[in-house]
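# Survey of secondary and tertiary structure
Single-letter residue listing:
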Amino acid sequence: MVLALPDSSFGVPDTGDTAWMLASAALVLFMTPGLAFFYGGLSRGKSVLNMMMMSFGSIATVSVIYVLWGFSMSFGNGITGDDDILGIFANPFSLFGSDQLGNTMDVTENGETVTQVVTGGGSIPSTVFLAFQLTFAVITVALISGSVAERVKFSTWLVFSVLWATIVYFPLSHMVWGGGLMSGAETGFASWMFGSTDGEANVAPIDFAGGTVVHINAGMAGLVLALIIGIRSGFGKTAYRPHNIPFVMLGAAILWFGWFGFNAGSELAADMTAGMVWINTTSATAAAMIGWLGVELFRDKHMTSVGAASGIVAGLVAITPACGALTPVGSMILGVIAGVLSALAIGLKFKLGYDDSLDVVGVHLVSGLWGTIGIGFLAKDTGLFWGGDYKQLVVQLVIALFALVFTGVLTAIIAFALKPLGWRVSAEDEHNGIDEAEHAETAYELA
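Residues numbered from 1 in each chain as written. Predicted model: local features only at pLDDT ≥ 70, side-chain atom pairs only at ≥ 80, totals over all residues. Heavy atoms only, no water.

On the surface, V329, I333, V336, I337, L341, L384, F385, W386 and Y390 cluster together into a nonpolar patch covering about 760 Å² of accessible area. By the secondary structure assignment, V329 is in helix α10 (residues 328-345). (Patch = residues over 30% accessible without salt bridge, like charges linked within 9 Å, V, L, I, M, F, W, Y side chains within 5 Å. Areas by Shrake-Rupley, 256 points an atom, 1.4 Å probe, with all protein chains shown as cover. Salt bridge = Lys/Arg side-chain N within 4 Å of Asp/Glu carboxyl O. Helix = DSSP H or I, 4+ residues; strand = E, 2+ residues; numbered from the N terminus.)

Here we come to the nonpolar core. Ranked by size, the top nonpolar core spans 100 residues in total, and within it F38, F71, F160, W164 and F262 carry the most contacts. Looking at this core, the element that brings in the most residues is helix α3 (residues 126-144), giving 13 residues. With sequence-adjacent residues up to four places away left out, W164 is seen in contact with T140, V141, I144, Y169, N217, A221, T407, T411 and I414. The next biggest cluster of nonpolar side chains, apart from the first, holds 17 residues, and it includes A274, I319, C323 and L378. (Core = buried A, V, L, I, M, F, W, Y, C linked by side-chain atoms within 4.5 Å. Buried < 20%, exposed > 50% of the residue type's maximum accessible area, 1.4 Å probe, protein only. Contact = heavy atoms within 4.5 Å.)

Right, let's talk about the side chain of T119 for a bit. Among the secondary structure elements, T119 is positioned in the loop between β3 (112-118) and α3. Assessed through its relative accessible area of 9%, T119 is described here as buried. T119 has contacts with S9, F10, G11, P13, I124, P125 and S126, leaving out every residue within four places of it along the chain.

A separate point is α10. Spanning 18 residues, α10 covers 25 Å between terminal C-alpha atoms, matching the ideal 26 Å at 1.5 Å per step. Taken as a whole, α10 has its buried residues at G330, S331, L334, G335, A338, G339, S342, A343 and A345. If you follow the buried residues of α10, they end up packed against α8 (272-300), α9 (305-322), α11 (348-352) and α12 (360-378). (Expected span 1.5 Å × (residues − 1).)

What follows covers the packing of aromatic side chains. Under the counting rule described, the total for this entry stands at 24 aromatic pairs. With centroids separated by 4.5 Å and ring planes inclined at 15°, the aromatic side chains of F260 and W278 adopt a geometry described as stacked. One end of the pair, F260, is in helix α7 (residues 245-263); the other, W278, is in helix α8, with 18 residues separating them in the sequence. By relative accessible area, F260 is classed as buried at 14%. Assessed through its relative accessible area of 43%, W278 is described here as partly exposed. Through pairs of rings, three or more aromatic residues link up here, namely Y66, F71, F75, F129, Y169 and F170. The residue whose ring lies beneath K301 is F298, and the NZ or CZ to ring-centre distance is 6.0 Å. (Phe/Tyr/Trp six-rings, centres within 6.5 Å; stacked < 30°, edge-to-face > 60°. Lys NZ or Arg CZ within 6 Å of the ring centre and 35° of its normal.)

In structure tokens:
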């Protein structure tokens, strides 16, 4: 069946914007293999293949379901004109399979026939928008895997990736970017708090590229899984040292490179704002690396390459929601604070007793929260320090808190539901090496 789309969903795409967005989608997809190197290097040598496979497995499962029903759940109502379900998600069947996005229609303008395509009101085809958003869903799921490294069955992880993306990620994506409860729509939280004008919130939430949808979401899910699945054998007694620091540095470099598609691409156009987002992303990330290394120098009397790589990621995480709302100076302030906060936060797992293996909580949750809330202080037009108003800060606090609760509750339900399937490999397999047990392979042949 071909869905009858409203005329307003057809248009003539801008070729420059379309080319930029295809490039951005490729950059963001490249980030997940980069994450595999980053996480793989941080793991022990007997677990590196499993760690990398969890990222590649996410590419496989999430890509398939995003094309089938994920895009429809996240953004389908904006194309079909249908109502969403209570502002939480759109109809998963309205664009099931995404075939309808290839529709075209010919119209006559000034005596010439022009072929229009489904755009959903933007300057790029909806097929390109789907491609871009698919890559966000993929890497969000992959990010979670670092919190449960070296102890989880690969088959259970694949099932979890499908359930979590469907039940948690797609709805949250719709709520923030698809006109749902956490957006600037008239029916959203922000409008309820501070009113709306002409259908738009007077003080709209700001999440330019995924502070709530990606980083708070993945960080909170990682914390919940780490608590439910439990610690690795030897946690707190064994030194889990990164087995390949050059892998870590390579992964951080790929992530930084791909993040320009992540952030600047979220403008959905090749324009001046995308250029400023590029500058803000670089400024914040560099400042965060300095902040992290400063903590190491003060605390440990030396600065490490793993610390530099981790500081890069913390800065990228923090600037993600804020990159379109801050000045370059504001971005540097946001970044250096993110580097300091995450450098301090990674030690909490030892004090509190949860085994967040590769510091998903310390980096993504902490810097994601700071980046989302920091907008309320540093936004150039509406922030408390730059704009002199408290309302943006209140809105940012509300959406951050809602994302925490929404993700935490639903992730716990999914994690407990999968317990009969079995989360953990055996203690013997964990000790001997999860690579050999789960994949019948080893990364290195050592005599």
